[in-house]
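Chain by chain, the residues run as shown.
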Amino acid sequence: MRWTSLFIPTLREAPAEAEAVSHQLLVRGGFIRQLQSGHYSMLPLAWKVNKKIVKILREEMDLIGAQEVMLPAIHPASLWQKSGRWDAIGDDMFRFLDRKDADQVLAMTNEEVIATVALELSSYRDLPQMWYQIQTKFRDEPRPKSGLLRVREFDMKDSYSIDIDDEGLDKSFNLHHQAYERIFIRLGLHAIPVEASSGAMGGSDSVEFMVESPAGEDDVAVCNSCGYSANVERATSIIPEVGNRLENETLEKFDTPNIRTIEALSQAGHPPEHQIKTLVYMIDGELSLILLRGDHQFQEQKFCDTSSSVEVTPAEEDTIKKALGASPGSLGAVGIDKMPIFADPALKGRTGMTTGANEDDFHLSGVNIERDIKIDQWIDMRSIADGEGCPSCSEPLRVVRCIEAGHIFKLGRKYSEAMGVTVLDSEGESQTPTMGSYGIGVGRAMAAIAETHCDDSGLIWPMSVAPYEVVLTVVKTDDENSMKIAEEIYTDLKTNGIDVLLDDREERPGVKFADAELIGIPLRVTIGPRGLENGVVEFLDRSDPEKTQAEINIAEVRDFLLEKISSQQDLTA
RNA sequence: CGGGAUGUGGCGCAGUCUGGCAGCGCACCUGCUUUGGGAGCAGGGGGUCGGGAGUUCAAAUCUCCCCAUCCCGACCA
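Residues numbered from 1 in each chain as written. Chains lettered and ligands numbered in written order. Predicted model: local features only at pLDDT ≥ 70, side-chain atom pairs only at ≥ 80, totals over all residues. Heavy atoms only, no water.

Of all residues adjacent to RNA strand B, which total 43 residues, the nearest are Ala16, Ile89, Arg150, Glu517 and Glu538. Each atom of RNA strand B within 4 Å of the protein was assigned to sugar, phosphate or base; sugar and phosphate come to 51%. The separation between a base nitrogen of RNA strand B and a polar main-chain atom of Ile89 is 3.4 Å. One nitrogen or oxygen atom from the side chain of Glu300 is found 2.6 Å from a phosphate oxygen belonging to RNA strand B. Of all the secondary-structure elements, those providing two or more residues to the surface near RNA strand B are strand S1 (32–36), helix H14 (509–519), strand S31 (523–527) and helix H15 (529–532). (Near = heavy atom within 4 Å. Polar contact = N/O pair within 3.5 Å; in protein donor to acceptor, adjacent residues only side chain to side chain. Helix = DSSP H or I, 4+ residues; strand = E, 2+ residues; numbered from the N terminus.)

Written out as structure tokens, the structure reads:
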């Protein structure tokens, strides 16, 4: 295409509200524009990138034998009531009434519909099945953010597997795992597969594909030594043992005026690792106590997963006061037997501890956990920290910020059972098949690529998804010879299947160079009188930090570029 | 949903405290001169100052209500 006939509204400055690098560059480069919070228009350049990402997704899904389908985006409420998610999902789901006053939902995912379609399967011989689609999803996010990274309306590749048994599910899951690894490599993303929490999706096993980036929203523990990796919602670690304070073995109440924090108590001579942190939570409707070591943080999701709790919310202050007789800052579990008490294993065997006395301005010292507190359940619910020991090799773990680029789940029979899906097995017995679901957000992938492929001048798209592979920059458009050669090269490249952009604008060279770099075209060929005198054009690789230019004979340009493109095209090789 | 911030032409901002002609830079249009890393000069177009109500002779500016956007947290199927 010719630049003069394209709509590429580049900006010198990014909008003030754009903070994430990908957001700034995608707006500045004329890729996207915002309509409202969480809703973006993809302009021609972004849509070209989008299509290239989608092409890769299709190729890799087809390669593992998945079949493309297209499901409705509007579902009747009854479908979601059947699976229980009509009630389980709150405001995150867009809901509306149709003209007949029937409840409808805008689909945020499609397990229910897939299970409905699967009702037509009747024999184990029909299995396995893998179905995928690339379709717009709607989620009423409480806080959309960072441009395309978290939005309310986005295209997602979602796929689903249906198998007769666990062994089959493992196979489908592994096929997806492999496909995802290839996809992310082809997208130029270094995605680490990590153990993840399944959240309210249910199911036994889930793996997230995480791309390290400060713009991400998840923290992941990774071990550089043995390769262990897990979302902090799930990660465990080895921590050094703390010696008990043996001089302090008898329970004693003492005066702590105005001391309400771990920090303040620590300054009063009770280090955090010798304190018991007491949190009051409403857990599935029951007021409960959560005990952690003073210097540890509560990991809510981890608690939910290991305790199989569904609803875990902090208790209101007046509820706490009523139940324990004191306000947060003076709470403790000693002597409490009328509510469930959950404790983190880091407290096991600890004595000489300090905790609140359930009386404002008083604490207890000399607490022996197992002697003085009636613990109902030990549950690993501590958030791990950077530098703690890897659970499998004990080397220090790193905690890194990541973008969740993909997520795969073993769902089990939750949805097939709810929808009543059954097939006959080889014995003629009725069986409920097991399912998996697998997702990659297209726009988020684009943002993750932008986030990790840029420099001070702008974007640097990987060849596989670049809006154009080559940009021909004509330095002087009013120089007849320059334009003649440029047109010849342009036509030649196009007929040879190269995705080429001809910058034929009557702009000064500096503007053209800056724009080409901003929109991140991987290869640039500069055509100007200076080179043409010697029968050459200049070549520049966008990813070269030194910006070294090479002179190429005009006659060799096409073969040179074809070679460059193919060597950068497929990174899985 | 809790906390914080911001809303003035397509983008970036000043003006608001102390009420008195809506301004600047970029972008855009016309002309001339320029032309190998975001040109110069001259002329020009484009604004319900987020919205509503109020105070006032007079409101971008003061008061009240509402809305939108961003950031932190909670949440994230």
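Next comes the rest of the description.
Before going further, it helps to examine the nonpolar core. Core analysis: the largest hydrophobic core is formed by 63 residues, its most contacted members being Phe31, Ile53, Tyr180, Phe184, Leu187 and Trp461. With eight residues, the top contributor of residues to this core is helix H2 (residues 44–63). In terms of domain composition, this core takes at least three residues from each of domain 1 (46–73 + 108–235 + 399–451) and domain 3 (459–569). (Core = buried A, V, L, I, M, F, W, Y, C linked by side-chain atoms within 4.5 Å. Buried < 20%, exposed > 50% of the residue type's maximum accessible area, 1.4 Å probe, protein only. Domains from an automatic or database assignment.)

We now examine the packing of helix H1 (residues 21–28) against helix H12 (residues 442–452). Put simply, H1 and H12 touch, their axes get as near as 8 Å, and they point 100° apart. Here H1 is positioned roughly perpendicular relative to H12, judged by the angle of their axes. Listed contacts from H12 to Val21, Ser22 and Leu26 of H1 are Ala447, Ala450 and Glu451. Per-class residue counts for the contact of H1 with H12 are four nonpolar, one polar and one charged. (Axes fitted to C-alpha atoms, helices over the stretch in contact; angles between N-to-C directions. Parallel < 35°, antiparallel > 145°, perpendicular 65-115°, else oblique. Contact = heavy atoms within 4.5 Å. Nonpolar A, V, L, I, M, F, W, Y, C, P; charged D, E, K, R; others polar.)

Bringing unusual backbone geometry into the picture now. Residue Pro128 is bonded to the preceding Leu127 through a cis peptide linkage, with omega at 0°. In this structure, Pro128 sits in the loop between helix H5 (111–117) and strand S7 (129–138). Of note in this structure, Asp101 is not a glycine but carries a positive phi near 65°. One can find Asp101 in the loop between strand S5 (95–97) and strand S6 (103–106). On the basis of relative accessibility, which here comes to 58%, the residue Asp101 falls in the exposed class. Its identity is not glycine, yet Ser146 carries a phi of approximately 55°, on the positive side. Looking at where Ser146 falls in the secondary structure, it is placed in the loop between S7 and strand S8 (153–163).

Read from one edge to the other, the open sheet built from five strands follows the order S17-S14-S15-S18-S21, with strand pairing classed as mixed. On the outer flanks of this sheet lie strand S17 (312–314) and strand S21 (377–378), each paired with one strand and no other. Looking at chain direction, strand S14 (residues 276–283) and S17 are connected through three bridges and run antiparallel. Bridge pairing in S17 links Met282 to Thr313. The sheet strands contacting helix H8 (residues 300–307) are S14, strand S15 (286–293), S17 and strand S18 (341–343), and the helix crosses S17 at an angle near 140°. (Pairing = 2+ DSSP bridges.)

What follows is about the domain arrangement of chain A. Here chain A is described as being made up of domain 1 (46–73 + 108–235 + 399–451), domain 2 (252–383) and domain 3 (459–569). Using only C-alpha atoms to locate each centre, domain 2 and domain 3 end up separated by 65 Å.

This part takes up the pairing of S31. A large share of S31 lies buried, amounting to five of its five residues. The two faces of S31 match: Leu523, Val525 and Ile527 on one face and Arg524 and Thr526 on the other face are all buried. As paired elements, strand S29 (residues 470–474) and S31 share five bridges and run parallel to each other. What sits directly across from Val470, in S31, is Leu523. Where S31 and strand S32 (residues 536–541) come together, four bridges link them in antiparallel fashion. Residue pairing in the sheet places Thr526 in a bridge with Glu538 of S32.

With that settled, the discussion passes to the side chain of Ser307. Checked against the element boundaries, Ser307 lands in helix H8. Take Ser307: its relative accessible area is 18%, and that puts it in the buried class. There is a polar contact of 2.6 Å between the side chain of Ser307 and the side chain of Ser309.

Taken together, the five strands give an open sheet; going across it, the order is S30-S29-S31-S32-S33, and neighbouring strands pair in mixed fashion. At either end of the open sheet lies a strand with only one pairing partner, and these are strand S30 (500–503) and strand S33 (550–553). Strand after strand, the sheet turns through a mean of 25° between neighbouring axes, direction not considered. Its contacts with the sheet place helix H16 (residues 557–569) against S29, S31, S32 and S33, and it is angled at close to 10° to S32.

Here we take up H14. Taken as a whole, H14 has its buried residues at Lys512, Asp515, Ala516, Glu517, Leu518 and Ile519. Where H14 ends, the next residue or the one after it, Gly520, has phi of about 75°, a positive value.

Another point: the environment of Val470. On the secondary structure map, Val470 appears in strand S29. Counting along the chain gives 23 residues from Val470 to Leu493, while the straight-line C-alpha distance between them is 9.1 Å. Dropping the residues within four chain positions of it, Val470 is found in contact with Leu493, Ile498, Asp499, Val500, Leu501, Ile521, Leu523, Val525, Leu561 and Ile565.

Before going further, it helps to spend a moment on the pairing of S6. Bridge analysis of strand S4 (residues 74–76) against S6 gives three bridges, and the strand direction is antiparallel. Residue pairing in the sheet places Pro76 in a bridge with Gln104 of S6. Counted along the chain from S5 to the antiparallel partner S6, the turn is five residues long, and its residue Asp101 has a positive phi close to 65°.

In the structure shown here, the tally under the stated rule is 36 salt bridges. In this structure, Arg150 and Glu141 form a salt bridge, with 2.9 Å as the shortest nitrogen-oxygen distance. For Lys484, the salt bridge identified is with Glu488, shortest N-O distance 3.6 Å. Note that Lys484 and Glu488 are positioned in helix H13 (residues 480–495) at a spacing of four residues, about one turn of the helix. When its relative accessible area of 48% is taken as the criterion, Lys484 is described as partly exposed. Of the residues examined, Glu488 reaches a relative accessible area of 44% and is grouped as partly exposed. Bridged by salt links that share partners, the residues Lys55, Glu59, Glu60, Arg182 and Arg186 form one connected network. (Salt bridge = Lys/Arg side-chain N within 4 Å of Asp/Glu carboxyl O.)

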